[in-house]
Amino acid sequence: MHKKLLLVFTVFAAFALILGAGCVSGNSGEEKDAGAQASGGEELSEESLIVYCGAGLRVPMDNIAEAFEEQKNVKIKYTYGGSAQLLSQIELLQEGDAYMPGAKSYIDSAVEKGFVSDSNDVVYHVMTIAVPKGNPKNITSLEDLTEEGLRVGIGEPDGPAVGKAAKKLLEKNNLWEGIQDNIVVQSGTVNELLVYLNMDQTDAVIIWEDLLNEETMDKVDIPVSAGFVKVVPVGMLTFTEKEDTAKQFIDFVSSDAGKAYFEEAGFDTYPCDKYSDL
């Protein structure tokens, strides 16, 4: 009797294992499949593009992918992350089709390494100070971030574009040394800084202006003359085996239709009179 029960249990366990294995699928990490079908239920073609993209650009780039897929019937697969992390990944894998980091310097590095063959300017990344709603610490300027006891979050200075830019911004205003005792967080992506602020782990974070959530945060403007404003381009990778399609994608991102998605997300698109003197 015990042997029969053991046999029945073994059969059911094996069946459950097979059934469970068949239900597990999907991407891991920050890789984003921007869509599985075109509009009207039409199946997408086998053609797809791999795009490495800065985490702070996720909202408009997801919308751009949906629009591009609908028009061209080509699947866009994003890998989101910090700009330096993505560049290292590109160098290691030497595959993919397009790269859009959070700052032009990373495209320049990719060009020097022979990874990018063509690029288009798209939007501006502008730095600002984000504080909790109501600005409880009464922060009004960059200089206030050096006040004793204040908890400040920035990106890793040698990592994501937002961290590299924050360091340059603070150095430009002779505040880098004075702020060191107040830095309690150095994050790998700009989105992590928003989490730390919302969880009351910091009193202020230096982020890209377009990422500020006005429902939970207040903005402390940095004057253009003192601030950090850079053009963000999108580039085509030299490893692409779909050069025509990759070129169509970066051209779409930088087109008026593509820039409209950035404007909806709060970006200033290139060119802009506000920053013409920079």
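As annotated in an unreviewed UniProt entry, the chain carries the name Molybdate ABC transporter substrate-binding protein and is attributed to Methanoplanus endosymbiosus.

A. Here's a closer look at the overall build of the chain. For the chain, the count of helices and strands is 9 helices and 11 strands. Residues counted as buried form 47% of the 278 residues belonging to the chain. In the chain, the proportion of contacts linking residues at least 24 apart, taken out of those at least 6 apart, comes to 77%.

B. Focus on the nonpolar core. Tyr99, Met127, Leu142, Leu145, Ile206, Ile207 and Trp208 are the most contacted members of the largest nonpolar core, which has 51 residues in total. Those residues in contact with Leu142 that sit more than four places away from it in its chain are Ile129, Leu169, Leu170, Asn173, Leu175, Ile206 and Ile222. Core analysis: the next-biggest nonpolar cluster, separate from the first, contains 27 residues, Leu49, Tyr80, Val232 and Phe249 among them.

C. Structural detail: the packing of aromatic side chains. Taken as a whole and judged by the stated rule, the model has 8 aromatic pairs. Consider the rings of Phe115 and Phe239, whose centres lie 5.4 Å apart with planes at 45 degrees: the pair is tilted. Remark: Phe239 occurs in the loop between β10 (229–237) and α8 (243–253) and Phe115 occurs in the loop between α4 (104–112) and β5 (116–132); sequence separation between them is 124 residues. On the accessibility criterion, Phe115 (5% relative accessible area) is buried. On the basis of an interplanar angle of 40 degrees and a centroid distance of 6.3 Å, the ring pair of Trp208 and Phe228 is categorised as tilted. Taken together, the residues span a long stretch of sequence, with Trp208 in strand β8 (residues 204–208) and Phe228 in the loop between β9 (217–220) and β10 at a distance of 20 residues.

D. Geometry of the pattern of salt bridges. For the coordinates displayed, the defined rule picks out 11 salt bridges. Across the pair Asp108 and Lys104 runs a salt bridge whose closest N-O atoms are separated by 3.0 Å. Placement of the pair is Asp108 and Lys104 together in helix α4, with a separation of 4 residues, close to one helical turn. In this structure Asp108 comes out as partly exposed when scored by relative accessible area, which is 32%. For Lys104, a relative accessible area of 36% gives the class partly exposed.

E. Inspection of the environment of Ala130 at higher detail. One can find Ala130 in strand β5. Looking at Ala130, the relative accessible area reads 0%, which means it is buried. Remark: the alpha-carbon pair of Ala130 and Val220, spanning 90 residues in sequence, is separated by 6.3 Å. Look past the residues within four positions of Ala130 in its chain and what remains in contact with it is Leu197, Asp203, Ala204, Val205, Ile207, Leu212, Met217 and Asp218.

About the thresholds
Along each chain, residues carry numbers from 1 onward, in the same order as the chain's sequence is written. Reporting in this predicted model follows two pLDDT cut-offs: at least 70 for local features of residues, and 80 or more for side-chain atom pairs to be given and counted; totals over whole chains, interfaces and linings ignore these cut-offs and use all residues. Excluded from the side-chain calculations are hydrogens and water; all other atoms, namely the structure's heavy atoms, are used. Going along the chain from the N terminus, every DSSP run of H or I of four or more residues is numbered as a helix, and every run of E of two or more is numbered as a strand. Burial here depends on accessible area, computed with a 1.4 Å probe over protein chains only, as a share of the maximum for the residue type. Under 20% is buried, over 50% is exposed, and the range in between is partly exposed. Two residues form a contact once any of their heavy atoms are found within 4.5 Å. Side-chain atoms within 4.5 Å link the members of a nonpolar core, which is a set of buried Ala, Val, Leu, Ile, Met, Phe, Trp, Tyr and Cys residues. Pairing of aromatic rings covers Phe, Tyr and the six-membered ring of Trp, with a centre-to-centre limit of 6.5 Å; geometry is then stacked below 30 degrees between planes, edge-to-face above 60, and tilted otherwise. Note on definitions: salt bridges are taken to be side-chain nitrogens of Lys or Arg within 4 Å of carboxyl oxygens of Asp or Glu.

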